[in-house]
Protein chains: 4
Amino acid sequence: MTTTAFIGLGAMGYPMAAHLSRHAAEHGGAALVWNRTASKAHKHAAEHGSRVASLSELAQADVILSCLPTSASVDEMIGRLEGQLRPGTLWIDCTSGHPDAARTQRTRLAAHGVRFLDAPVSGGTSGAQQGTLTVMLGGPADEVEEARAALPFAAKVVHVGNTGAGFAVKAINNVLLAVNLWAAGEGLAALAGLGVNVSAALDVINTSSGRSNATENLIPQRVVTRQFPVTFTLGLLAKDIGIALDVVHAAKGSAPVLAQTGALYDAAARNVGTDVDHTAALQFVERMNAREIR
Amino acid sequence: MTTTAFIGLGAMGYPMAAHLSRHAAEHGGAALVWNRTASKAHKHAAEHGSRVASLSELAQADVILSCLPTSASVDEMIGRLEGQLRPGTLWIDCTSGHPDAARTQRTRLAAHGVRFLDAPVSGGTSGAQQGTLTVMLGGPADEVEEARAALPFAAKVVHVGNTGAGFAVKAINNVLLAVNLWAAGEGLAALAGLGVNVSAALDVINTSSGRSNATENLIPQRVVTRQFPVTFTLGLLAKDIGIALDVVHAAKGSAPVLAQTGALYDAAARNVGTDVDHTAALQFVERMNAREIR
Amino acid sequence: MTTTAFIGLGAMGYPMAAHLSRHAAEHGGAALVWNRTASKAHKHAAEHGSRVASLSELAQADVILSCLPTSASVDEMIGRLEGQLRPGTLWIDCTSGHPDAARTQRTRLAAHGVRFLDAPVSGGTSGAQQGTLTVMLGGPADEVEEARAALPFAAKVVHVGNTGAGFAVKAINNVLLAVNLWAAGEGLAALAGLGVNVSAALDVINTSSGRSNATENLIPQRVVTRQFPVTFTLGLLAKDIGIALDVVHAAKGSAPVLAQTGALYDAAARNVGTDVDHTAALQFVERMNAREIR
Amino acid sequence: MTTTAFIGLGAMGYPMAAHLSRHAAEHGGAALVWNRTASKAHKHAAEHGSRVASLSELAQADVILSCLPTSASVDEMIGRLEGQLRPGTLWIDCTSGHPDAARTQRTRLAAHGVRFLDAPVSGGTSGAQQGTLTVMLGGPADEVEEARAALPFAAKVVHVGNTGAGFAVKAINNVLLAVNLWAAGEGLAALAGLGVNVSAALDVINTSSGRSNATENLIPQRVVTRQFPVTFTLGLLAKDIGIALDVVHAAKGSAPVLAQTGALYDAAARNVGTDVDHTAALQFVERMNAREIR
């Protein structure tokens, strides 16, 4: 009977933890939840049958899952639990964290006999709700195998490399999202300026070689509609781009397009805001072009 | 009974014209073909039942379809046919041409009573073979409607705007392909440098938000395999990027990411060659990173 | 006794033509002036002793000097004079023009026996007043030698290559100005954000390896003072950057930094305006950084 | 009678320390030197009358000057001296270091009563020899005033801000050098491709608005001559660009041109090497353009 504890009931974590509750109900075991703002944990317990845990209960879980805004928040949680952790626990961190932090955290927890895996997820809030997330895992193969059973919110679990590799792949995925989105914004703004119907252009591009998740989903659903619903903030994407550029630097790589795009997202965040949806970055593309994308 | 003539039996045109032959056989009408190197036209006639046309026969067709490397080649064909064209003909140009050229060509042909539509296609050689191309049409609505019947190689025909809009959308599609491909190359080179398995990373990205046609198809099939099969050359993609930047300029737009990427493709073409497959541009990304993407 | 005619009495041309008047008074010969808005020519005649010319008088001059906003304006003037030009005239065009235009103009004028040299100038309005301009000449060596005597406003005359080379060098000079200025703006905005005194930083940079005309003159005099006096507009600089990128393209070159900077100036022009001083482009750098450079 | 100790007798430090010796000989006081490879210190003593110091002698100096490759080397020296330092010493670090390191080092040394100032220099090896360096100082005003007397190798000493500001300004200076150099390389490669004489073009640019230290000195002396004499390595410049981008990040700035240029220098360093002169980066510009700059 496994006890699993989930830390961080944000936009992603809340529905992810619901899958843990359901899984525990069906297969036995306990699903504990913890959140900095405790009321959210109580709401989760009421809605999904999880159990609100104290920090010391958390610390005794067989598996700890965390999903927090940044690696710094994970460091802080480790600090709060450090004295009470028990050997043998597997800590699976689903934060979009920093590869350097993963290595430090793994070493720090190893001193307590706790194994740390970086396990960021992709698929957005809808994937979290439907339990169709992709998890990219970094760490030793045997621990990764052990972790698979603890991820009932995932449709796909891929072992991508050693500790930190999960965070690295996630960061690169997100910077590609950022580039694909921005470039499409630049191109569509130009077409709009020539009187081309943007939706018709997207219709064509989406059966052609220039298509991406940005042209297939994000721009038609969020930009052309002018709704920009906030599911993943521009501030968090800008942070992830920063991690990606650190990944390039650590690899002694050269990535001029990623670097340039990162700087442009920084300008967008300065001008459009950090708490808006990440697709609102295209509002800065629109400002640069003095023209709306629609 | 419609007579349709097809000019330009290259990698795309050859299979596209085959659909015209089949269509004529099934629905009546004649399918003429013409190619600068005549032997290719004779081969097409033998293989697909089309009829090799003289220039003067071409000029009398109800519908002329062209698919040539550049707008300059189309200008040259117009020059060769100009004295013999007859009023009423519809000229549908499937070249990846230049919007400015489209406007000039339409005006020039209008003097002979011939209507010109820009109608570039997307879908690659496999789409041409299977008859599943997307056609993006620029021109007046009524002529576009008339053109639909003459495109048996298309699964999707979209009217994107006035004369030149088809070429503009195609160019923007292709520059997005170029950016998505290059950025993925930069990101994957960094991951490779950190010991991440590139195929595992692609596997993850392709169920995540950073996915694009480049990560889903081009890189796994052409780059990771080191095959770089030549279906669309780097030289032609570089030309299309140049058209896209002209589109941005004509729109008085600002597209720093597209502009930088264009310059990098120019460097790649200088170093890797122009007759290689467009995906071989990533060999220059590899050189910049001193590391293979795999 | 040489008759020299000057076309285009703008911010640069007006003081340049004054040197012609003085030179004619001292050495003999006649100095004619012409301007689209005739009142400016009459003012020049009154102030500097030049003579207002009719178009037909202009056309008969031994040397025609022009200094207009763009090559298109020069084309227009050639059109107005074409029927009246006489063989043997030397036309020296000080416009910041396009190399392609220079070649076309030279050919067009050669049909009338008129020799055309591209001869853009550098040194700004103060250099024009003081007669210390630099002239970069493109054309055959013997004609360039002949032209030297006709440039009393120049302190330095350099033969840089064949027809068009003068315009090419001028465009590259101006894009370097643009890059040096923009990059300095980015760097100083960051320093300002960290509480570094911008003037102290400029003081240091200007005795160090990062110095440029932008840090030595433009930013201290125009940006830090918030005066942005209009001597050379952002619109004209943006035009010159466009010519520079065409030069790169014609050379089959790869210039990612120039290309990106060009796109950013386009965004600046869209947002800050085209009739402002070119240094006001840094107001867009400030917007991107949400911080003033001072 | 002041005792001054100099740590790090590299290309810059060796001649800088010679000024300390001369100053001590003229004004009284002692000039100690220390170098990781001791033979260089002995050579300095023989040539310039300095005195080779042991670590414990170093630690007792009134003023410690250091000039090392990176902040990490300075950290290492602090570690070796930490137990022996005496309160009241002023440590002036002339390394091109990292602003974050400056703050950490100042705090660390403050625990021993030692005051740390960041004091990077500019002017190159010739400025070091002639005693005409510029020093940019970061720290409290009173300590900066005290430091002025200890810098006999400087022609200009500027207080640019708080601790770290000196390193920040130096990094920004160096990234501007990098951008100005690279952009000039791109522009000149294009001109060379059009048959323009590069030296004539530089002659013009250097009396025009596009001039910079790169066009006035580096390119004519090092690139056009094909000599690329190693006085400041590409590896160190690439490191400094990295610091500059960290400065931009710390300032929450947006610097797309600096970021792009940084990535291109990384590619150059990967391909041309890190131990070559920094101007050899233009060999990668030449490769991108398939053309020499001359």
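The structure displayed is predicted, hence computed values, not measured ones. (Residues numbered from 1 in each chain as written. Chains lettered and ligands numbered in written order. Predicted model: local features only at pLDDT ≥ 70, side-chain atom pairs only at ≥ 80, totals over all residues. Heavy atoms only, no water.)

Things to note about the interface of chain B and chain A
Part 1: Between chain B and chain A, the contact holds 59 residues from the first and 59 residues from the second.
Part 2: Roughly 4800 Å² of surface becomes buried between chain B and chain A when both sides are summed, with 62% attributable to carbon and sulfur atoms.
Part 3: Joining chain B to chain A, the criterion identifies 2 salt bridges.
Part 4: Taking the shortest distance from any N to any O, the salt bridge between Lys156 of chain B and Asp203 of chain A comes out at 2.8 Å.
Part 5: One can count 27 residue pairs in polar contact (both at pLDDT 80 or more) joining chain B with chain A.
Part 6: When residues of the side of chain B that touches chain A are traced back to their parent elements, those giving at least two are strand 8 (133-138), strand 9 (154-161), helix 8 (165-193), helix 9 (198-205), helix 10 (213-223), helix 11 (234-250), helix 12 (256-272) and helix 13 (282-289) of chain B.
Part 7: A per-element tally of the side of chain B that touches chain A places helix 8 of chain B first, with 18 residues. (Contact = heavy atoms within 4.5 Å. Buried area = accessible area lost by both parts, 1.4 Å probe. Salt bridge = Lys/Arg side-chain N within 4 Å of Asp/Glu carboxyl O. Polar contact = N/O pair within 3.5 Å; in protein donor to acceptor, adjacent residues only side chain to side chain. Helix = DSSP H or I, 4+ residues; strand = E, 2+ residues; numbered from the N terminus.)

Details of the relation of the copies chain B and chain A
Put simply, the two copies of the chain differ by a rotation about an axis and a shift along that axis.
Part 1: Each copy superposes on the other: chain B lies on chain A with an RMSD of 0.0 Å after a rotation of 180 degrees and an axial shift of 0.0 Å. Both chain copies can therefore be described as sitting about a two-fold axis. For chain B, the minimum C-alpha distance to the rotation axis belongs to Ser212 of chain B and amounts to 1.9 Å.
Part 2: In this assembly, 100% of the residues forming the interface of chain B have copies in chain A that are likewise at the interface, indicating an isologous arrangement. (Least-squares fit on C-alpha atoms with pLDDT ≥ 70 in both.)

Examining unusual backbone geometry
Part 1: You will see that Lys252 of chain A, though not glycine, has its phi angle at about 55 degrees, which is positive.
Part 2: Summarising the element assignment, Lys252 of chain A is placed in the loop between helix 11 (234-250) and helix 12 (256-272).
Part 3: Residue Lys252 of chain A is classed as exposed on the basis of its relative accessible area, which comes to 55%.
Part 4: You will see that Phe228 of chain D, though not glycine, has its phi angle at about 40 degrees, which is positive.
Part 5: When you line up the elements, Phe228 of chain D lands in the loop between helix 10 (213-223) and helix 11 (234-250). (Buried < 20%, exposed > 50% of the residue type's maximum accessible area, 1.4 Å probe, protein only.)

Regarding the UniProt feature "domain: 6-phosphogluconate dehydrogenase NADP-binding" (unreviewed entry) in chain A
Part 1: According to UniProt, the feature "domain: 6-phosphogluconate dehydrogenase NADP-binding" (unreviewed entry) maps to residues 5-161 of chain A in the numbering used here.
Part 2: Segment residues 5-161 of chain A splits into 44% helix and 24% strand. End C-alpha atoms: 25 Å apart. (UniProt positions renumbered as here; feature names shortened; annotations may be inferred.)

Observations concerning the interface of chain B and chain D
Part 1: If you look at the interface, chain B gives 10 residues, while chain D gives 10 residues.
Part 2: Counting each side, the surface lost to burial between chain B and chain D is near 770 Å², with a carbon and sulfur contribution of 65%.
Part 3: Counting every contact that joins chain B to chain D gives 0 salt bridges.
Part 4: Linking chain B with chain D are 3 residue pairs in polar contact (both at pLDDT 80 or more), by the criterion used here.
Part 5: For the side of chain B that touches chain D, the secondary structure elements donating two or more residues are helix 12 and helix 13 of chain B.
Part 6: Residue composition of the side of chain B that touches chain D, by class: 5 nonpolar, 3 polar and 2 charged. (Nonpolar A, V, L, I, M, F, W, Y, C, P; charged D, E, K, R; others polar.)

Quick notes on the domain arrangement of chain A
Residue and element names in this part refer to chain A.
Part 1: Partitioning chain A into domains gives domain 1 (3-161) and domain 2 (168-289).
Part 2: Averaged C-alpha coordinates put domain 1 and domain 2 at centres separated by 29 Å.
Part 3: Listed as interface residues are 12 residues of domain 1 and, on the opposing side, 11 residues of domain 2.
Part 4: For domain 1, the biggest contributors to the area lost against domain 2 are Ser96, His98 and Pro99; these three give 41% of the whole. (Domains from an automatic or database assignment.)

Here's the deal with the packing of aromatic side chains
Part 1: Scanning the entire structure with this criterion turns up 6 aromatic pairs over all chains.
Part 2: Plain terms: the ring middles of Phe284 of chain A and Phe284 of chain C are 6.1 Å apart, the flat faces sit at 10 degrees to each other, and that makes the pair stacked. Placement of the pair is Phe284 of chain A in helix 13 (residues 282-289) and Phe284 of chain C in helix 13 (residues 282-289), with the two residues belonging to separate chains. Judged on exposure class, the residue Phe284 of chain A and its partner Phe284 of chain C are both buried.
Part 3: Both rings, one in Trp182 of chain D and one in Tyr265 of chain D, keep their centres 5.2 Å apart while their planes meet at 50 degrees; by these two values the pair is tilted. Residue Trp182 of chain D is located in helix 8 (residues 165-193), and its partner Tyr265 of chain D is located in helix 12 (residues 256-272); the two are separated by 83 residues in the primary sequence. Comparing Trp182 of chain D with Tyr265 of chain D shows no difference in burial state: the two are buried. (Phe/Tyr/Trp six-rings, centres within 6.5 Å; stacked < 30°, edge-to-face > 60°.)

Some details on the relation of the copies chain B and chain D
Part 1: With an RMSD of 0.1 Å, the fit of chain B onto chain D corresponds to turning through 180 degrees and sliding 0.0 Å along the axis.
Part 2: When the interface residues of chain B are mapped onto chain D, 100% of them again fall at the interface, so both copies present the same face.

Section: the pattern of salt bridges
Part 1: Summed over the entire model, instances satisfying the criterion amount to 60 salt bridges over all chains.
Part 2: Linking Lys239 of chain A and Asp240 of chain A is a salt bridge whose minimum nitrogen-to-oxygen distance equals 3.1 Å.
Part 3: Lys239 of chain A sits in the partly exposed class, given a relative accessible area of 22%.
Part 4: Using a relative accessible area of 2% as the deciding quantity, one classes Asp240 of chain A as buried.
Part 5: Of the charged contacts in the structure, one is a salt bridge between Glu47 of chain B and Lys43 of chain B, with a shortest N-O distance of 3.7 Å. Here the residue Glu47 of chain B and the residue Lys43 of chain B both occupy positions in helix 2 (residues 38-48), the gap between them amounting to 4 residues, near one helical turn.
Part 6: Under the relative-accessibility criterion, Glu47 of chain B is labelled partly exposed at 48%.
Part 7: By relative accessible area, Lys43 of chain B is classed as partly exposed at 46%.
Part 8: Connected via shared salt-bridge partners are Arg226, Glu286, Glu292 and Arg294 of chain A.

A word on the pairing of strand 5 (residues 90-93) of chain A
All names here are of chain A.
Part 1: Side-chain alternation along strand 5 places Leu90 and Ile92 on one buried face and Trp91 and Asp93 on a second face that is also buried.
Part 2: Strand direction decides the pairing type here: strand 4 (residues 63-66) and strand 5, joined by 4 bridges, are parallel. Note that in strand 5 the partner of Ile64 across the bridge is Trp91.
Part 3: Between the parallel elements strand 4 and strand 5, the chain passes through helix 4 (residues 71-81) in a crossover that is right-handed.
Part 4: When strand 5 meets strand 6 (residues 115-118), the two strands line up parallel, connected through 4 bridges. Residue pairing across strands places Trp91 opposite Phe116, the latter belonging to strand 6. (Pairing = 2+ DSSP bridges. Right-handed = clockwise from strand over helix to strand, strands pointing away.)

Describing helix 1 (residues 13-27) of chain B
All names here are of chain B.
Part 1: Along its 15 residues, helix 1 runs 21 Å from first to last C-alpha, staying within 8% of the 21 Å computed at 1.5 Å per residue.
Part 2: All of the buried residues in helix 1 are Gly13, Tyr14, Pro15, Met16, Ala17, Ala18, His19, Leu20, Ser21 and Ala24.
Part 3: Remark: Gly28 follows helix 1 within two positions and exhibits a positive phi of approximately 85 degrees. (Expected span 1.5 Å × (residues − 1).)

Quick look at the side chain of Thr279 of chain A
Residues and elements named next belong to chain A.
Part 1: Tracing the chain through its elements places Thr279 in the loop between helix 12 and helix 13.
Part 2: Side-chain polar atoms of Thr279 contact the side chain of Asp277, separated by 2.7 Å.
Part 3: Excluding residues within four positions of it along the chain, Thr279 makes contact with Leu181, Leu218, Arg222, Val223 and Phe228.

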